[in-house]
Amino acid sequence: MLSRRNFIKIACLTPLFLNTKPEILLGSNNNLLKEALYYEKYDEKKQIALCQLCPRGCTISEGSSGFCRARKNIKGKLYSLGYALPCAIHIDPIEKKPFFNVFPRSLSLSIASAGCNLRCKFCQNWQISQVSPLETENRYSPPDNIVSLAKANNCKSIAYTYTEPTNFFEYMLDTARAAKNKGILNVSHSNGYINPEPLKELCKYLNAVNIDLKAFSQEFYNKVCEAELDPVLETIKTLKKSGVWVEITNLVISGYNDDPKMITKMCEWLKNNVGIDTPVHFSRFYPMYKLTGISPTPVSTLDRARETALKTGLHYVYIGNVPGHPGENTYCPKCRKIVIKRAGYSMLENNMKAGRCKFCDEKIGGIWNA
Amino acid sequence: MAGGLGGIIAQTVLLRELLILFSGNEFSIGVIIGSWVIWEAIGSFIGGRWNKKDSMMALILSIILFSVSFPVSIYITRIFKTIAGIDPGVGIGLLPTFYSSVIILLPTGFLHGLFFTLACSVHDEITGEGTSSTGKVYFIEMLGTIIGGIAVNYFFITHYNSFQISIGVALISALACVSFAFSTSLSKKRIIIALSICLSVISIVLLTDSGADKINNFALKKQWPDQNMVYYGNSHYQNIVVIQNDSQYTFFSNGIPALTAPIPDIVFVEEFVHFPMLAHPSPENILIIGAGAGGIINELLKYPCVKKIDYIERDPLLLKVIRIFSTPLTQRELDSPLVNLYYIDGKRFLTENQSKYDMIFLGLPPPYTLQANRFFTKEFFTAAKSRLNDNGIFTLTLTGSLTYYSKELKELNVSIMHTIENVFPYVYVLPGDLNLFMASKTQEVALISPALLYSRLRGYGIKTNLINSSHLNYRFEENWRNWFRSKMQGTTASLNKDFSPKGLFYHVTYINLLFSPYLKIFFDYAKRINIIVSIVFIAALFLIFFLLQRKYSGTAIVYGIATTGFAVMILELILLFGFQVFYGYIFHEIGILITTFMAGMAAGSLIVVLFPNHFKKAFLAFIFTEAAITLFCLILLLILLFLEPAAAFHPLSIRAMFFFLLFVSGALAGVEFPLANKVYLASSVGRSAGILYGADLFGGWIGGIAGGIILFPILGLSDGCIVLITLKISSLLLLLTSHKK
């Protein structure tokens, strides 16, 4: 374990050097730097660690961090830099995550620590995803504090989102466990880039996950995100098998992943592997982060994607970032009436009763009030 | 002459092409100009060292190579991202900006510098005039630059595409070579004539048979692959491209999407319009500066109380193109009888037009260039305030976040927030992906509450997609504003003023995080540069050259020319920018100002050439010129400091004064160069011309890169001028302590 002196040196000097004023409360708890799970001491002599949390499988030498910038090798042991040090804590409507088939109109305490194991060129939260927790201003918030905060603010769920929650896995795990004990749901928005074993452990506490399926294309994942498609598909399957409620987000970018054939393949795969009850959100792209020179997605492209998905048999297909579009509503798969009417994140009409369509009593997939 | 012409045309056209490649902000503009200048400097240095025997041949070859490299460079600019393995829609960081502009401008810049100095030695050989011939060549090059500059900016750019222009230049140069070759007695005469004639013929063919057009379209397809480009054109202000995707048109300005129709970014458009409009009891007269068409005016027209919408758009071409590629949305907006279009600079409109408004919307992009920064300054906010009715509201947006604020984003927002709070007694900031700033003279914005806004919305009976009671409650929740305020607290940032454009600096440091986060340290240190640091730096520089002077005679002259090159670049920047601050960015006026400056340079060098006797004691004259430049900087500082209150009273005389000051600063620089040549006695004319031309350009390079980003935004005008004065004093001292020959 780190000596007190070294720890203070690292925690204090690094941020000072980087000229940040972290709101880190040191306290007298030496366990502030949390040892990571899911890694192996690859080479004891050279103090090299092999991280096994996500498909990257980084071999991290002493003093270095992994690709995600959030797990660091200190004297041969791997530490989660973002543990209990979130840089973002906000209360959002659950629809923002986006979850349209989970406790509509409820509040979600959303947290994130810095870091990400992907490098998507269109990242919306690049300010905190493409840096390490050592470079951000963080607020010391151990898992129990988060749960209390959620309770005090009437939040039905805690959302692990904004950046990639896999990178603060241990924090997410501990918080989720504590939340479940107190009757608070756990939801997350993830890129799905996590290994099956840690994922299965997490699934014991997660209620719902939104996976950002960037594109149904190996090439896209390679070129635009510096990652692979298959591990994401594995994650989706594992989640489904574990009984976690899955929603899929697909940000449609003209010229990159809007090919109708690609979308058809994706919908077919979803139908066969996760089921037609899986909601899919096709979102409109606007220039973001490094993708500055591309036109916004035409709404007609989104319409076509939605049509394709519905034709494939998927029940709940939504259009994101186009307020006022009929694709924001939840329709009963049987009688086709609107069971939940929405505009943006606001719910305008609720025609459901105990998880069923008010009109024809058909069961609507999702997690609902009793 | 052809050299001067070709040079300025190449520089202008390539600058515009490169701006599209880099989605140009102020730093990249400086980098592009700097890269051009440094290659010219290197080219001229090498030209100076060229063996006199081969000068003639080299000259002609370099002209021919230049003419070929110009269109090739344009082509490379268009396909650069493909070569570099970057996707066309992806933005480029600072380092790639640097090395790509250095690479692309290498051939053209280098060759241009080369053939200037070669021309000097050739001219000297032919006429045997010695050192004064450099002055003559310099003058003629200046003339060519002026003519070329006027021609390309006022006429060529808007009527011809880049390839047509570059091939036209090739033709002129080739013809010049032909006539040149005929008039001399060269051994390889026939080959040269053949080459030149070939080039001429190819050029003529390409120009007349729409070959240039075909090349242009081919290159455009490479730059915008797989996109349905329905329009490509250049106005004085920008490059405009229209991409059609299904029934959607996206209008690009210099490669960045500016507006999308018929379905805009609904979240942005509705929040930007309705939040402020609902904060006002009954807004009738609306002013929107920039970004009106494409959704905003459409939302404004939903209000029954609106009687007039004045829409300011600087570039008529943009609106023309929007009309050509019309959609129901834009048709509704532009055809409405309530809408009045004004093609003018926004600040200029505010100062000249006396109308008063209930709502003023600033729909312009954040301060990414010195130009853009003018709309986020104390002076602009003051002008806007003066055009507001008593309970009127002024609205703008700025890059923001609902998730996290980095130090850079904090500083940007704090700077603008303090600036606007400095002017308006009541300011309401609504945090969001874009932070919405609403300011009023009376209590209007302080009374904002979701209930009030919603009751007004109901009252008007307006249909919106996003704005409803629950959305209002969510967005205007106290928590968000408290969070935002807590983030802004504890961050210090300077006010953003016209002559202290700190906003630009903060924005550049923020944008830098996206593409080149490794340069964060550089900006952190650059931020700390102040007047003391600069003076210490100059003193150190002086010491170094003082010691160098003991070994190499003539060091003082080189130092003098280099610092003048730097100073003149900054002076031109200050004067041009100062003019824009007062009178707005009106393309034609700026063009004339630049031409005045160049005319001054031409006149200055002409004086030395025509009246050699007055400058017999060249060294003394040189010192005198240096002193004059120093004095000029001082006078400029004093004038600009006291100018602002006066500008309102004597507009005409102050405008004339800008022209006069630009002419004088150009003249001072123009005098110095030939004088320096006289003094710097070296073994050959070509040699001295080379080093001095190089020093001049090197100084200009530093000035180009550092001026727009570091000197001006970080130091501000007054401190910047003091730095210049100190710099020239140091060179004066160096001269006075040197050994006279």
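Source: prediction; values computed, not measured.

### Let's talk about the overall build of chain A
Stage number 1. Helix and strand counts for chain A come out as nine helices and 19 strands.
Stage number 2. The C-alpha atoms of chain A give 21 Å as radius of gyration, which agrees with the globular expectation for 370 residues (21 Å, within 12%).
Stage number 3. Principal-axis analysis of the C-alpha atoms gives chain A an extent of 65 × 45 × 35 Å.
Stage number 4. Relative to all contacts within chain A whose residues are 6 or more apart in sequence, the contacts with residues 24 or more apart total 65%.
Stage number 5. Accessible surface computed for chain A: about 14700 Å², of which carbon and sulfur atoms make up 49%.

### A few points about the confidence of the model for chain A
Stage number 1. Across chain A, the average pLDDT comes to 90, with 91% of residues at 70 or higher.
Stage number 2. Below pLDDT 50 for its whole length, residues 1-22 of chain A participates in 34 contacts with residues either more than four positions away or in separate chains.

### A closer look at the interface of chain B and chain A
Stage number 1. Listed as interface residues are 45 residues of chain B and, on the opposing side, 47 residues of chain A.
Stage number 2. Together, Thr403, Tyr404 and Leu514 of chain B form the three largest contributors to the area buried by chain B at its contact with chain A, with a combined 18%.
Stage number 3. In this assembly, chain B and chain A are joined by three salt bridges.
Stage number 4. In this structure, the salt-bridge partner of Glu137 of chain A is Lys410 of chain B, at a minimum N-O distance of 3.1 Å.
Stage number 5. Joining chain B to chain A, the criterion identifies 22 residue pairs in polar contact (both at pLDDT 80 or more).
Stage number 6. Breaking the side of chain B that touches chain A down by element, the ones donating at least two residues are strand 2 (239-245), strand 3 (248-253), strand 4 (256-261), helix 9 (266-279), helix 16 (407-423), helix 18 (469-475), helix 19 (478-488) and helix 20 (502-515) of chain B.
Stage number 7. Here the side of chain B that touches chain A is built from residues that sort into 21 nonpolar, 16 polar and eight charged.

### What about a nonpolar patch on the surface?
Stage number 1. Residues Leu631, Leu634, Ile635, Leu638, Leu641 and Phe642 of chain B make up a contiguous nonpolar surface patch of roughly 570 Å² in combined accessible area.
Stage number 2. With respect to the helices and strands, the residue Leu631 of chain B is situated in helix 25 (residues 618-647).

### As for the packing of helix 4 (residues 169-181) of chain A against helix 5 (residues 196-203) of chain A
Residues and elements named next belong to chain A.
Stage number 1. Contact geometry for helix 4 and helix 5: axes closest at 10 Å, N-to-C directions at 20°. Looking at the two axes, helix 4 sits roughly parallel to helix 5. Remark: the crossing between helix 4 and helix 5 carries left-handed chirality. Listed contacts from helix 5 to Phe169, Met172, Leu173 and Arg177 of helix 4 are Pro198, Glu201 and Leu202.
Stage number 2. Broken down by class, the residue content of the contact of helix 4 with helix 5 amounts to five nonpolar, no polar and two charged.

### Looking at the sheet that holds strand 1 (residues 228-234) of chain B
Residues and elements named next belong to chain B.
Stage number 1. Spatially, the four strands line up as an open sheet ordered 1-2-3-4, and their pairing is antiparallel. Looking at the sheet topology across the chains shown, the edges are occupied by strand 1 and strand 4. With strand direction ignored, the average angle separating the axes of adjacent strands in the sheet is 20°.
Stage number 2. By the bridge criterion, six bridges tie strand 2 to strand 3 in an arrangement that is antiparallel. Along strand 3, the bridge assignment pairs Ile240 with Ser253.

### Here we look at the pattern of salt bridges
Stage number 1. For the structure on display, the rule yields 23 salt bridges over all chains.
Stage number 2. Each of Lys34, Asp174 and Arg177 of chain A takes part in one network of salt bridges that share partners.

### So, the pairing of strand 4 of chain B
All names here are of chain B.
Stage number 1. One ladder, built from five bridges, connects strand 3 with strand 4; its direction is antiparallel. Within strand 4, the residue paired with Tyr249 across the bridge is Ala261.
Stage number 2. Where strand 3 folds back onto strand 4 in an antiparallel hairpin, the turn is made up of two residues, including Asn254, whose phi is positive at roughly 50°.

### Observations regarding the nonpolar core
Stage number 1. Grouped together as the largest cluster of nonpolar side chains are 188 residues, with contacts concentrated most on Ile9, Phe381, Phe394, Leu396, Ile557, Leu640 and Phe658 of chain B.
Stage number 2. The element that contributes the greatest number of residues to this core is helix 27 (residues 685-736) of chain B, accounting for 21 residues.
Stage number 3. Ignoring anything within four residues of it in the chain, the contact list for Leu396 of chain B reads Leu362, Phe376, Phe381, Ile416, Ile420, Asn435, Leu436 and Phe437 of chain B.
Stage number 4. Within the second largest apolar cluster, 93 residues are counted, among which are Ala88, Ile194, Val224 and Ile236 of chain A.

### Brief notes about the packing of helix 3 (residues 143-152) of chain A against helix 4 of chain A
Residue and element names in this part refer to chain A.
Stage number 1. Contact pair helix 3 / helix 4: the axes reach a minimum separation of 8 Å and the direction vectors enclose 50°. Classified by the angle between their axes, helix 3 and helix 4 sit oblique to one another. Crossing handedness for the pair helix 3 and helix 4: right-handed. In contact with Pro143, Asp144, Ile146 and Val147 of helix 3, helix 4 contributes Tyr171, Asp174, Thr175, Ala178 and Ala179.
Stage number 2. The class makeup of the residues in the contact of helix 3 with helix 4 is six nonpolar, one polar and two charged.

### Observations concerning helix 4 of chain A
All names here are of chain A.
Stage number 1. The terminal C-alpha atoms of helix 4, which comprises 13 residues, lie 18 Å apart, in line with the 18 Å expected from a rise of 1.5 Å per residue.
Stage number 2. Along helix 4, ten of the 13 residues are buried, which leaves the element largely enclosed by surrounding structure.
Stage number 3. Positioned one or two residues after helix 4, Gly183 has a phi angle of 80°, which is positive.

### Topic: the sheet that holds strand 6 (residues 308-312) of chain B
Strand pairing in a sheet relies on backbone hydrogen bonds. The paired strands run either parallel or antiparallel.
Residue and element names in this part refer to chain B.
Stage number 1. Taken in spatial order, the seven strands make up an open sheet running 7-6-5-8-9-11-10, and their pairing is mixed. Strands with a single pairing partner mark the edges of an open sheet, and in this sheet they are strand 7 (339-342) and strand 10 (426-430). For this sheet, the mean inter-axis angle between neighbouring strands, taken without regard to orientation, is 15°.

### Looking at the packing of aromatic side chains
Stage number 1. Summed over all chains, the structure comprises 42 aromatic pairs over all chains.
Stage number 2. Look at Trp224 of chain B and Phe252 of chain B: their rings are 5.0 Å apart centre to centre, the planes differ by 85°, and that puts the pair in the edge-to-face class. Here the residue Trp224 of chain B occupies a position in the loop between helix 8 (211-223) and strand 1, and Phe252 of chain B occupies one in strand 3, the gap between them amounting to 28 residues.
Stage number 3. The class for Trp224 of chain B is buried, based on a relative accessible area of 9%.
Stage number 4. Among the aromatic residues, those joined into a cluster by ring pairs are Tyr345 of chain A together with Tyr405, Tyr474, Trp480, Trp483 and Phe484 of chain B.
Stage number 5. The side chain of Arg119 of chain A reaches across the aromatic face of Phe67 of chain A, ending 3.9 Å from its centre.

### Section: unusual backbone geometry
Residue and element names in this part refer to chain A.
Stage number 1. Omega for the peptide link from Lys97 to Pro98 comes to -10°, which places this bond in the cis form.
Stage number 2. Within the secondary structure layout, Pro98 lies in the loop between strand 7 (88-93) and strand 8 (107-112).
Stage number 3. Located in the positive-phi region is Lys75, a residue other than glycine, with phi close to 55°.
Stage number 4. Here Lys75 lies in the loop between strand 5 (71-74) and strand 6 (77-80).

### Observations concerning helix 17 (residues 450-460) of chain B
Residues and elements named next belong to chain B.
Stage number 1. Along helix 17, the residues that are buried comprise Pro450, Leu453, Arg456, Leu457 and Tyr460. Looking straight down helix 17, one finds its buried side chains confined to an arc of 135°; they lie on one side. Facing away from the buried side of helix 17, by more than 90 degrees, are the exposed residues Ala451, Arg458 and Gly459.
Stage number 2. Just downstream of helix 17 lies Gly461, where phi reads positive at about 70°.

### Side note on the environment of Ser65 of chain A
Stage number 1. Looking at where Ser65 of chain A falls in the secondary structure, it is placed in the loop between strand 4 (59-60) and strand 5.
Stage number 2. Once the C-alpha coordinates of Ser65 of chain A and Asn273 of chain A are considered, the two residues, 208 residues apart in sequence, prove to be 35 Å apart.

Parameters at a glance
- Residues numbered from 1 in each chain as written.
- Chains lettered and ligands numbered in written order.
- Predicted model: local features only at pLDDT ≥ 70, side-chain atom pairs only at ≥ 80, totals over all residues.
- Heavy atoms only, no water.
- Helix = DSSP H or I, 4+ residues; strand = E, 2+ residues; numbered from the N terminus.
- Rg over C-alpha atoms; globule rule 2.2 N^0.38 Å.
- Contact = heavy atoms within 4.5 Å.
- Areas by Shrake-Rupley, 256 points an atom, 1.4 Å probe, with all protein chains shown as cover.
- pLDDT = per-residue confidence, 0-100.
- Buried area = accessible area lost by both parts, 1.4 Å probe.
- Salt bridge = Lys/Arg side-chain N within 4 Å of Asp/Glu carboxyl O.
- Polar contact = N/O pair within 3.5 Å; in protein donor to acceptor, adjacent residues only side chain to side chain.
- Nonpolar A, V, L, I, M, F, W, Y, C, P; charged D, E, K, R; others polar.
- Patch = residues over 30% accessible without salt bridge, like charges linked within 9 Å, V, L, I, M, F, W, Y side chains within 5 Å.
- Axes fitted to C-alpha atoms, helices over the stretch in contact; angles between N-to-C directions.
- Parallel < 35°, antiparallel > 145°, perpendicular 65-115°, else oblique.
- Left-handed = near helix turned anticlockwise from the far one by under 90°.
- Pairing = 2+ DSSP bridges.
- Core = buried A, V, L, I, M, F, W, Y, C linked by side-chain atoms within 4.5 Å.
- Buried < 20%, exposed > 50% of the residue type's maximum accessible area, 1.4 Å probe, protein only.
- Expected span 1.5 Å × (residues − 1).
- Phe/Tyr/Trp six-rings, centres within 6.5 Å; stacked < 30°, edge-to-face > 60°.
- Lys NZ or Arg CZ within 6 Å of the ring centre and 35° of its normal.
- Arc of directions from axis to C-beta.

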